[in-house]
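# Fold and contact review
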Amino acid sequence: MDVGSVTDNIDAVKGPPLATRRSPQDVTLLSRAIGPLPIINSFLKRLQIDRRLERFVPGHDKRLRLAPALGIGVLLRNILIEREPLYALHEWADRFDEPLLGLPAGAARLLNDDRVGRALDALFLADRAALLTDIVVGAVQAFDVDLRELHNDSTTVTFTGDYAAATGGPIRQRPTHRITHGHNKDHRPDLKQLLWILTTSADGAIPVWGSTDHGNTADDQTHITTWNTLRRLVGSAHFLYVADAKLCTRENMAHIARGEGRFLTILPKTRREDGWFRDWLQDHTPEWVDLGRTQSTRRGEGGDGVYRGVESPRRSAEGYRILWIFSSLKATQDRAARQARIDRALEELERLRRRLGSPKSRLTTRRRIEEAIAAILATGETHRWIAVTVSTENHHQYTQAAPGRPGKDTQYVRKTRERFGIRWQMRAETLAYDDRTDGIFPLITNDETLSLREALAAYKRQPSLEKRHEQLKTVFAVMPVNLKSHSRVEAFLFLYFVALLVESLIERELRRRMKTQNLESLPLYPEGRRCRAPTAERVFDVFRDVRRHRLQRADGTVHQRFYDELTELQRTVLQLLGYSPKAYFSAGEDC
């Protein structure tokens, strides 16, 4: 299908160009942005977000001239499009007609950071767990989301500021989380954090549950609570729960197994079963099963990758199946990474040897030299492959015993100085051992019916969840956060989950329509470059500058309406999402 083939005509709603139109003297030209809001609003309507906010978010505070649900709805739309600070929300909203923001006439002037902050307070006091469940169940029903396979992972949301009051104590009988230091996944140990936990479906990586926890909570402590919640949400335990190696604890796996659930995770290298199989592999040849091929997506790694799998002859200590997977692309990466680490270590060792040969070297004791060697090998953990020995030799120097011109009777004193050198050699047996195990990794599961191919396919869908974390931090720029009230922070993060849900549903809908219409890509990138998997962000950018205009009389009546010209790409996207240009331009036009 070619973009130019979409020929939906909007002449009935499009007026002549602005530059050629003559307006009567008693009318005023008003221009308002439209952007991607009609698209966003159509998905919010299908999710019934505004109605659900009105139902769950309390609005009884008389100080709030703007209902909290309305303020939250505007803030959600802002997160999806611009992510302006709260104090700039009024200026941003003033660019649009109020119905596009879910506001009644005249309500936009009430927007300010104080009122929106109070709306976040109201959201914090609401039953957010019940609201989230209601939204997710509605999304599953409205968009037919498949819940048979769910993926879980966590990341950290980093904060600037002290947040001394965020100690985990309750606020108006509502529990809060500690914003504190922990293992920061943004590599900012100097900043405090909260733990963000997300679960998505395998079907389009749709967020189906999200929560936050104390900033110093270990990842392996979150799975039991999350799995219990998902079981209630799904209505049964008959879904495959996929997570990273932090799921692989005796307590976590036993809890899911006792609850008649199914799990799939990766077996950590610290487990004995991992070392046993790698040892066993040295003098055994497994009956590998071909699991298919894949095209490398990494730059500089052309060609197909081969996947093979075999079930371990031994089960885990708990009695669960261990499935070993071999990837030829991973094997190439493992060998290249190992060689790069060895090369760096050898360069550092050569520099150390030259230092020791210098008469000005300060490394004059064996202990200090061995410490320097250990530091070099520890940097890339290359002690496994490189053996280094320290050699010594005595260097003699003769000096006169007394000053003066030397003669035949001059006596000399011999001074002996110990000089050190180093030499190294590669550990051939260890290199051969590791070469034989390159490219393999173990999966562990309690599902007795899961085939090797199905297990690999489920594991390979885990990175789609990681993309949602990337979307949270790069597209939404959620970190670092700087809000004064930690209760508002938790409400704010709730809205980010809803924003992720909306964007993921838009992406899923668009990609499905492209597939059914045999459209391989869209020219969404700069310079018309093709995009095979469109993101909501790129779609929003395409519509960012679209406006509509009206000539308005002094009494407020509309003399005439006209609109910006849509590009072929914009028409195509609207058609794929089931929207006509006329419906797009007329959205929220009851003003």
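Computed from a prediction, not measured in an experiment: that's the story for all the values here. (Residues numbered from 1 in each chain as written. Predicted model: local features only at pLDDT ≥ 70, side-chain atom pairs only at ≥ 80, totals over all residues. Heavy atoms only, no water.)

### Regarding the overall build of the chain
- When its secondary structure is counted, the chain shows 18 helices and 14 strands.
- At 32 Å, the chain has a C-alpha radius of gyration far larger than the 25 Å of a compact globule built from 591 residues.
- Counting only C-alpha atoms, the chain reaches 125 × 70 × 60 Å along its principal axes.
- Pairs at least 24 residues apart make up 70% of the contacts formed inside the chain by residues separated by at least 6 positions.
- A total of about 30,200 Å² of accessible surface is found on the chain, and carbon and sulfur atoms cover 47% of it. (Helix = DSSP H or I, 4+ residues; strand = E, 2+ residues; numbered from the N terminus. Rg over C-alpha atoms; globule rule 2.2 N^0.38 Å. Contact = heavy atoms within 4.5 Å. Areas by Shrake-Rupley, 256 points an atom, 1.4 Å probe, with all protein chains shown as cover.)

### Things to note about empty space enclosed by the protein
- Across all of its chains, the model carries two cavities of 30 Å³ or more by this definition.
- The calculated volume of the largest cavity comes to roughly 50 Å³.
- Taken together, Asn 152, Asp 153, Ser 154, Asp 219, Thr 222, His 223, Asp 244 and Lys 246 form the lining of the largest cavity.
- Considering only residue class, the lining of the largest cavity consists of no nonpolar, four polar and four charged.
- What lines the second largest cavity is Leu 30, Arg 32, Arg 548, His 549, Arg 550, Arg 561 and Glu 589.
- Breaking the lining of the second largest cavity down by element, the ones donating at least two residues are strand S1 (27-33) and strand S13 (547-553).
- Broken down by element, the residue count for the lining of the second largest cavity peaks at three residues, all from S13. (1 Å grid on protein atoms, 1.4 Å probe; cavity = no way out; pocket = protein on both sides within 12 Å on 5 of 7 lines; lining within 4 Å. Points joined across faces, edges and corners; volume = space filled by probe spheres on them. Nonpolar A, V, L, I, M, F, W, Y, C, P; charged D, E, K, R; others polar.)

### Regarding the confidence of the model for the chain
- When the pLDDT values of the chain are averaged, the result is 89; 92% of them are 70 or greater.
- In this model residues 1-23 is a low-confidence stretch, pLDDT under 50, and it forms 40 contacts with partners more than four residues away in sequence or in other chains. (pLDDT = per-residue confidence, 0-100.)

### Some remarks on the sheet that holds S13
- One open sheet accounts for three strands, arranged S1-S13-S14; its pairing is antiparallel. Each end of this open sheet is capped by a strand with a single partner; those strands are S1 and strand S14 (558-563). Adjacent strand axes in the sheet meet at a mean angle of 20°, parallel and antiparallel pairs treated alike.
- Sheet topology places S1 next to S13; seven bridges connect them, and they run antiparallel. What sits directly across from Thr 28, in S13, is Gln 552. (Pairing = 2+ DSSP bridges. Axes fitted to C-alpha atoms, helices over the stretch in contact; angles between N-to-C directions.)

### Considering the pattern of salt bridges
- Per the stated rule, a full pass over the model turns up 47 salt bridges.
- Of the charged contacts in the structure, one is a salt bridge between Arg 547 and Asp 564, with a shortest N-O distance of 3.6 Å. With Arg 547 in strand S13 and Asp 564 in the loop between S14 and helix H17 (568-576), the pair connects residues that are 17 residues apart, well separated along the chain.
- For Arg 547, a relative accessible area of 36% gives the class partly exposed.
- Here the residues in one salt-bridge network are Glu 82, Arg 95, Arg 538, Asp 541 and Arg 544, joined through shared partners. (Salt bridge = Lys/Arg side-chain N within 4 Å of Asp/Glu carboxyl O. Buried < 20%, exposed > 50% of the residue type's maximum accessible area, 1.4 Å probe, protein only.)

### Quick word on unusual backbone geometry
- You will see that Gln 48, though not glycine, has its phi angle at about 55°, which is positive.
- Inspection of the secondary structure assignment puts Gln 48 in the loop between helix H1 (37-47) and helix H2 (49-56).
- Located in the positive-phi region is Arg 83, a residue other than glycine, with phi close to 60°.
- Structurally, the position occupied by Arg 83 is in the loop between helix H3 (68-81) and helix H4 (89-93).
- Overall, Arg 83 belongs to the partly exposed group, its relative accessible area being 26%.

### Details of the packing of helix H7 (residues 223-234) against helix H8 (residues 250-258)
- At their nearest, the axes of H7 and H8 sit 10 Å apart, and the two run at 15° to each other. The orientation of H7 relative to H8 falls into the category roughly parallel. Seen from above, H7 lies across H8 with right-handed handedness. Across from His 223, Ile 224, Trp 227 and Asn 228 in H7, the residues of H8 making contact are Glu 251, Asn 252, His 255 and Ile 256.
- A class-by-class count of the residues in the contact of H7 with H8 yields three nonpolar, four polar and one charged. (Parallel < 35°, antiparallel > 145°, perpendicular 65-115°, else oblique. Left-handed = near helix turned anticlockwise from the far one by under 90°.)

### Observations regarding the layout of surface pockets
- By volume, the second largest pocket is sized at about 670 Å³.
- In this structure, the second largest pocket is lined by 26 residues; those nearest its centre are Arg 128, Ala 129, His 177, Ser 211 and Thr 212.
- Counting residues per element, the ones that place at least two in the lining of the second largest pocket are helix H6 (128-143), strand S3 (192-201), strand S4 (207-213), H7 and helix H15 (486-516).
- A per-element tally of the lining of the second largest pocket places S4 first, with five residues.
- Counted by class, the lining of the second largest pocket contains eleven nonpolar, ten polar and five charged residues.

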